[in-house]
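Topology and contacts: notes
Residue-level listing of the chains:
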Amino acid sequence: LWDLAGGTPVADPGRQPWPLGTIAELYSLGIEVTMVDEEVRARAPGDGERRILQMQTPAWVHDIVRVFYAGDRPVEASRAIAPADRHVLHYRVKLDLTEPQ
């Protein structure tokens, strides 16, 4: 999406983290996020990850891949690795229980 973000405040690393997060950042470019897809896997860390995360004892990590969509179009993707013993996953999903048209 460099064609959309290049030359805008979004492209300035000094402005990160963006106030109110990624969804507000994309909205400032005229992109309305309609869905976020997140996949979380638990796995053993590699030696480099263990060093970077300063993991002294053997433990699992959460490998998190998140994709933001505007309609059917993916507009942002990220990956985060976090020690599972220091990281809590908490999800709240609002359900629309209206009948489909």
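Structure report, in brief. (Residues numbered from 1 in each chain as written. Predicted model: local features only at pLDDT ≥ 70, side-chain atom pairs only at ≥ 80, totals over all residues. Heavy atoms only, no water.)

Once that is clear, we can look at the pairing of strand E3 (residues 73-83). Taken residue by residue, a regular strand's side chains alternate between the two faces of the sheet. With ten bridges connecting them, strand E2 (residues 61-70) and E3 associate as antiparallel partners. Considered in E3, the bridge of Phe68 is made with Glu76. In textbook terms, the turn of a hairpin is the stretch between consecutive antiparallel strands, and for E2 and E3 this stretch comprises two residues, one of which, Gly71, has a positive phi near 65°. (Pairing = 2+ DSSP bridges. Helix = DSSP H or I, 4+ residues; strand = E, 2+ residues; numbered from the N terminus.)

So, on to the pattern of salt bridges. Oppositely charged side chains can form a pair if their charged atoms are brought close together. Under the definition given, this model contains six salt bridges. Linking Arg43 and Glu49 is a salt bridge whose minimum nitrogen-to-oxygen distance equals 2.7 Å. For Arg43, a relative accessible area of 21% gives the class partly exposed. Residue classification places Glu49 among the partly exposed residues on the basis of a relative accessible area of 23%. Ionic pairing is found between Arg50 and Asp47, a salt bridge with its closest N-O pair at 3.7 Å. Of this pair, Arg50 and Asp47 are both found in helix H3 (residues 47-52), three residues apart, which corresponds to roughly one turn of the helix. Using a relative accessible area of 26% as the deciding quantity, one classes Arg50 as partly exposed. Overall, the relative accessible area of 54% leaves Asp47 in the exposed class. Taken together, the shared-partner salt bridges connect Arg43, Glu49, Asp63 and Arg79 into one network. (Salt bridge = Lys/Arg side-chain N within 4 Å of Asp/Glu carboxyl O. Buried < 20%, exposed > 50% of the residue type's maximum accessible area, 1.4 Å probe, protein only.)

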